[in-house]
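# Overview (structure and organization)
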Amino acid sequence: MAITAAHDLSQAPSVIQLKGVNKWYGQFHVLSDINLDVKQGERIVICGPSGSGKSTLIRCINRLEEHQRGDIAVHGVTLSNDVKNIEAIRREVGMVFQSFNLFPHLTILDNLTLAPIWVKKMPKREAEDIAMSLLRRVRIPEQASKYPGQLSGGQQQRVAIARALCMRPKIMLFDEPTSALDPEMVKEVLDVMIELATEGMTMLCVTHEMGFARAVADRVIFMDRGEIVEQGPPTEFFANPRNERTRTFLGQILHH
Amino acid sequence: MTDVPVGERRQLPPPTTDSGAWGWIRQNLFSSWGNGITTVALVLAIVWLLNWFIEWAVLTAVWTAPSGQDCRGHGACWALIHEKYRYIFFGSFPYEQHWRPLFAVIAMLAMLILSADRRMWNKRLIWIWSIGSFVSFLLMFGEINLSSSLIFSIVLIVGVAGATLRSTAGSAAEINAWRAVAGIGFVGLMLRLLGLLPAFTISIAPLSYVETSLWGGLPVTIILATYGLLFAFPLGILLALGRRSHLPLIKGLCVGFIELIRGVPLISLLIMASVMLPLFLPSGVTIDKFLRALVAVILFAAAYIAEVVRGGLQSLPKGQYEAADAMGLTYFQKTALVILPQALRVVIPPLINTFIGFFKDTSLVLIIGIFDFLNTANQALVDPKWAGFPSEVYLFAAFVYFCFCFSMSRYSKYLETELNKGTRR
Ligand SMILES: Nc1ncnc2c1ncn2[C@@H]1O[C@H](COP(=O)(O)OP(=O)(O)O)[C@@H](O)[C@H]1O
Ligand SMILES: [Mg+2]
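Residues numbered from 1 in each chain as written. Chains lettered and ligands numbered in written order. Predicted model: local features only at pLDDT ≥ 70, side-chain atom pairs only at ≥ 80, totals over all residues. Heavy atoms only, no water.

### Some details on the overall build of chain B
Of the regular secondary structure elements, chain B holds 16 helices and 2 strands. In terms of overall dimensions, chain B is more spread out than a globule: its C-alpha atoms have a radius of gyration of 28 Å, far above the 22 Å expected for 425 residues. For chain B, buried positions account for 39% of its 425 residues. When the accessible surface of chain B is totalled, it reaches about 24,500 Å², and 70% of it is carbon and sulfur. (Helix = DSSP H or I, 4+ residues; strand = E, 2+ residues; numbered from the N terminus. Rg over C-alpha atoms; globule rule 2.2 N^0.38 Å. Buried < 20%, exposed > 50% of the residue type's maximum accessible area, 1.4 Å probe, protein only. Areas by Shrake-Rupley, 256 points an atom, 1.4 Å probe, with all protein chains shown as cover.)

This is the structure:
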């Protein structure tokens, strides 16, 4: 996984901006004062202890969760309660879940073509061509006519990535994409993600795969108790973490 | 085994068990003394019952006879069914016109059987049902009068439905065509209601008119059940979706409606529809009694279907909604393409169970004087010439109901396996 992370982003426009984002579940403050600026083509890895608000943070970006204070702008469009606005952002932002969430009643091919056909109004043939080329990219074209339940976890997650890519998104969000997988399947999914990263996709990945972070991330963000505690390029982040909480966390996950 | 090196263990065949018919019988019927005695006792009881029934229903039965007198002292009096079957099947429908309800029943059964096949689930079904229903009702009524307001309403509904259903798949020109159709319907209806357009009726009358009060027997039961369910099913789905809505008003209305209907016996709904509804209508306005009963059963079935469907909606993992949302599908696309196909699959058995219960419940319409199949069977007993053979008639009626309900039950099994093909692990 020796991919050079040297990747000049100084000239790149910023595509996601979070300013003073706060969110509560009842009395519980899940996100407090999150400020984040993501450049086009930037690869960000978010890590942190369980329950620290990582999922909540990336789910606010495509409005699966609603934040209560602050502003989130994607491609210059500020998220509001306007349904058109939300749908426009969701067309640009693909998401991959920990539990795959493929549609079990549809074949793999139909899973992939559903959104292009209905959201983008793409002709069926064209959508199928794109779907097949993406399935080839994630190396499972032969599974196109099967149902999700007939595939292994790793294959399902690769289908889920292909499904998100089918909409030609500008940004991809990953929420612990390898956490539900058996160890021998983790690599096949990471390989697909690394390939995507080298092609210049803007990516926000919640993951504890530190090898992946070292190989492709432009920036690693450490979250704890709803805050961004520390962030920086992977070399610096892993070599000399400044915050005590970061050190404790890295100690726990790297020595196991 | 010892000479097989580690890591190259051979696959062993499973241990042999008693196989063949004798093996099965020994294992399942005579595995112990208690089991053996139970088996023998039950077999004897079944043989005795069957023997008695065949003796009564076949060997000593009377198949044709001029009157009930000739049946006395013999077994089952099937002569009564032979004599009365036309009345039981078609009620008071004019006798020489019985071919009309017969063909209507055949047409409706054909539509049902065609729709049962999964390969037919496409746009063709809309045509089959539109044409089939029109033919069936034309046969039953003999003449159909379409008033101008009804025609405009239908045009409006077809236009709106077309524009909505094709909104995502159709070309702009097609959508505009549907909108134009809806527009014509709307303008026509408005002009008619404002009195700017004179009233007119289109009359299609190839046969003599037979009013609904003369309808009876099997066609009535099938119409109530089929069209009751045809309308109750979508209504029930809407109620179930409404009950899970985030909008408090919609949610409240749906919950209120469901609980209200579920808290009342069907009989009282039917009585309300037949006795109380006319009191609230302005004088001069009458709604056909048959239609009122149909509306009552639709509302009743919808409430129950809604609760069954809600169970299916709740069984879906949250991730399915989130994945659909994250792709940018609209609420309607998400519901129609992702949520309902899965939720309905889960609830096929309880849903068909509701359908079966509902099919039998239609017999309650006899309380308000509608002659459904059970009621005509009942009436066949009134003839003094044939008095004294209720078992035969009820057995016959039960047999016909059983055929319908059993088919539905088998169909439920077929549908479950058919829809779960491949999706199972
Ligand atoms: N829908 C919810 N209602 C209430 N609390 C929630 C909800 N979703 C998440 N939480 C809580 O918010 C916190 C952050 O959750 P999450 O963002 O999933 O953490 P992470 O992904 O970092 O493990 C957790 O403590 C969790 O219990
Ligand atoms: Mg999480």
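### A closer look at the sheet that holds strand β1 (residues 14-25) of chain A
Residues and elements named next belong to chain A. Strand order in the open sheet formed by 4 strands is β2-β1-β4-β5, with antiparallel pairing between adjacent strands. Each edge of the sheet is formed by a strand with only one pairing partner; in this case those strands are β2 (28-39) and β5 (77-78). Pairing analysis gives 8 bridges linking β1 to β2, with the strands arranged antiparallel. Bridging across to β2, lysine 23 finds its partner in leucine 31. (Pairing = 2+ DSSP bridges.)

### Quick notes on the site of ligand 1
Residue and element names in this part refer to chain A. The local shell around ligand 1 consists of Tyr25, Phe28, Val30, Pro49, Ser50, Gly51, Ser52, Gly53, Lys54, Ser55 and Thr56. In the environment of ligand 1, a nitrogen atom lies 3.4 Å from a nitrogen or oxygen atom belonging to the side chain of tyrosine 25. For ligand 1, an oxygen atom lies 3.2 Å from a polar atom in the backbone of serine 52. Burial of ligand 1 by the protein amounts to 59% of the accessible area it has alone, namely 560 Å². Going through the elements one at a time, β2 and α1 (54-61) are the ones with two or more residues in the shell around ligand 1. Tallied by class, residues from the shell around ligand 1 come to 4 nonpolar, 6 polar and 1 charged. (Near = heavy atom within 4 Å. Polar contact = N/O pair within 3.5 Å; in protein donor to acceptor, adjacent residues only side chain to side chain. Nonpolar A, V, L, I, M, F, W, Y, C, P; charged D, E, K, R; others polar.)

### Things to note about the interface of chain B and chain A
With 24 residues of chain B at the interface, the matching set in chain A holds 25 residues. Here chain B packs against chain A, burying approximately 2,200 Å² in sum over the two surfaces, 61% of which is carbon and sulfur. For chain B, the biggest contributors to the area lost against chain A are Ala326, Met327 and Leu337 of chain B; these three give 26% of the whole. At the surface where chain B touches chain A, the tally comes to 1 salt bridge. Measuring nitrogen to oxygen at the nearest pair gives 2.7 Å for the salt bridge that ties arginine 59 of chain A to glutamate 322 of chain B. At the junction of chain B and chain A, the tally comes to 6 residue pairs in polar contact (both at pLDDT 80 or more). Those elements giving two or more residues to the side of chain B that touches chain A turn out to be α12 (318-326) and α13 (331-346) of chain B. (Contact = heavy atoms within 4.5 Å. Buried area = accessible area lost by both parts, 1.4 Å probe. Salt bridge = Lys/Arg side-chain N within 4 Å of Asp/Glu carboxyl O.)

### Comments concerning the packing of aromatic side chains
According to the stated counting rule, one finds 25 aromatic pairs over all chains in the structure shown. Geometrically, the ring pair formed by tryptophan 52 of chain B and tryptophan 56 of chain B is stacked, given 6.5 Å between the ring centres and 5° between the ring planes. With tryptophan 52 of chain B and tryptophan 56 of chain B both in helix α2 (residues 33-59) and 4 residues apart, the pair spans about one turn of that helix. Residues tryptophan 215 of chain B and phenylalanine 290 of chain B carry aromatic rings whose centres are separated by 5.3 Å and whose planes lie at 65° to one another, so their mutual orientation is edge-to-face. One end of the pair, tryptophan 215 of chain B, is in the loop between β2 (201-204) and α8 (218-243); the other, phenylalanine 290 of chain B, is in helix α11 (residues 289-315), and 75 residues separate them in sequence. Considered together, tryptophan 215 of chain B and phenylalanine 290 of chain B belong to a single accessibility category, that of buried residues. Aromatic ring contacts, followed pair by pair, group Phe89, Phe90, Phe359, Phe373, Phe396, Tyr401 and Phe404 of chain B into a single cluster. Between the NZ or CZ atom of arginine 214 of chain A and the centre of the ring of phenylalanine 238 of chain A, over which it lies, the distance is 4.4 Å. Directly above the ring of tyrosine 95 of chain B sits arginine 86 of chain B, whose terminal nitrogen or CZ lies 4.1 Å from the centroid. (Phe/Tyr/Trp six-rings, centres within 6.5 Å; stacked < 30°, edge-to-face > 60°. Lys NZ or Arg CZ within 6 Å of the ring centre and 35° of its normal.)

### A short note on the environment of leucine 196 of chain B
All names here are of chain B. The residue leucine 196 is located in the loop between α7 (172-193) and β2 in this model. Judged by its relative accessible area of 60%, leucine 196 is exposed. Here the alpha-carbon distance between leucine 196 and glycine 20, two residues 176 residues apart in the chain, equals 83 Å.

### What to know about a positive patch on the surface
Together, Lys84, Arg91, Lys120, Lys121 and Arg168 of chain A give the surface a local cluster of positive charge. Assignment of secondary structure puts lysine 121 of chain A in the loop between α3 (108-118) and α4 (124-137). (Patch = residues over 30% accessible without salt bridge, like charges linked within 9 Å, V, L, I, M, F, W, Y side chains within 5 Å. Lys, Arg positive; Asp, Glu negative; His and termini not counted. Charge placed at Lys NZ, Arg CZ, Asp CG, Glu CD.)

### Some thoughts on the pattern of salt bridges
Taken as a whole and judged by the stated rule, the model has 26 salt bridges over all chains. Here arginine 245 of chain A and glutamate 227 of chain A are joined by a salt bridge, their closest N and O atoms 3.5 Å apart. Of this pair, arginine 245 of chain A sits in helix α9 (residues 244-254) while glutamate 227 of chain A sits in strand β10 (residues 227-232), and the two are 18 residues apart along the sequence. Relative accessible area serves as the criterion here: at 34%, glutamate 227 of chain A is assigned to the partly exposed category. Here lysine 318 of chain B makes a salt bridge to glutamate 322 of chain B, at a shortest N to O gap of 3.5 Å.

### Thoughts on the nonpolar core
Core analysis: the largest hydrophobic core is formed by 133 residues, its most contacted members being Leu18, Ile46 and Leu204 of chain A together with Leu313 of chain B. Looking at which element gives the most residues to this core, the answer is α11 of chain B, with 15 residues. Setting aside residues no more than four positions away along its own chain, leucine 204 of chain A makes contact with Ile16, Leu36, Val38, Ile44, Ile46, Ile58, Ile61, Met172, Leu173 and Phe174 of chain A. In terms of nonpolar packing, the next biggest core, distinct from the first, is built from 52 residues, Ala131, Leu151, Val186 and Val220 of chain A among them. (Core = buried A, V, L, I, M, F, W, Y, C linked by side-chain atoms within 4.5 Å.)

### Some thoughts on the sheet that holds strand β6 (residues 93-96) of chain A
Residues and elements named next belong to chain A. Ordered in space as β6-β7-β8-β3-β9-β10, the 6 strands form an open sheet in which the pairing is mixed. Pairing within the sheet leaves two strands with one partner each, and these edge strands are β6 and β10. When the angles between neighbouring strand axes are averaged without regard to direction, this sheet yields 20°. Here strand β9 (residues 219-224) runs beside β10; their pairing, made up of 5 bridges, is antiparallel. (Axes fitted to C-alpha atoms, helices over the stretch in contact; angles between N-to-C directions.)

### Looking at the confidence of the model for chain B
With 97% of its residues at a pLDDT of at least 70, chain B reaches an overall mean of 87. Interface confidence for the predicted complex, expressed as ipTM, amounts to 0.93; the pTM equals 0.85. (pLDDT = per-residue confidence, 0-100.)

### A closer look at the packing of α11 of chain B against helix α14 (residues 348-361) of chain B
Residue and element names in this part refer to chain B. Between α11 and α14, whose axes approach to 10 Å, the crossing angle comes to 160°. For the element pair α11 / α14, the angle class is roughly antiparallel. Note that α11 runs across α14; the crossing there is right-handed. Only Pro350, Leu351, Thr354, Phe355, Phe358 and Asp361 of α14 make contact with α11, whose side of the interface consists of Val297, Phe300, Ala301, Tyr304, Ile305 and Val308. (Parallel < 35°, antiparallel > 145°, perpendicular 65-115°, else oblique. Left-handed = near helix turned anticlockwise from the far one by under 90°.)

### Describing the packing of helix α10 (residues 266-280) of chain B against α11 of chain B
All names here are of chain B. Their axes nearest at 9 Å, the elements α10 and α11 cross at an angle of 140°. Compared by their axis directions, α10 and α11 come out oblique. With respect to the hand of their crossing, α10 and α11 are arranged in right-handed fashion. Residues Leu266, Leu269, Leu270, Ala273, Ser274, Leu277 and Pro278 of α10 form the contact with α11, whose own contacting residues are Arg292, Ala293, Ala296, Val297 and Phe300. Its residues assigned to classes, the contact of α10 with α11 shows 10 nonpolar, 1 polar and 1 charged.

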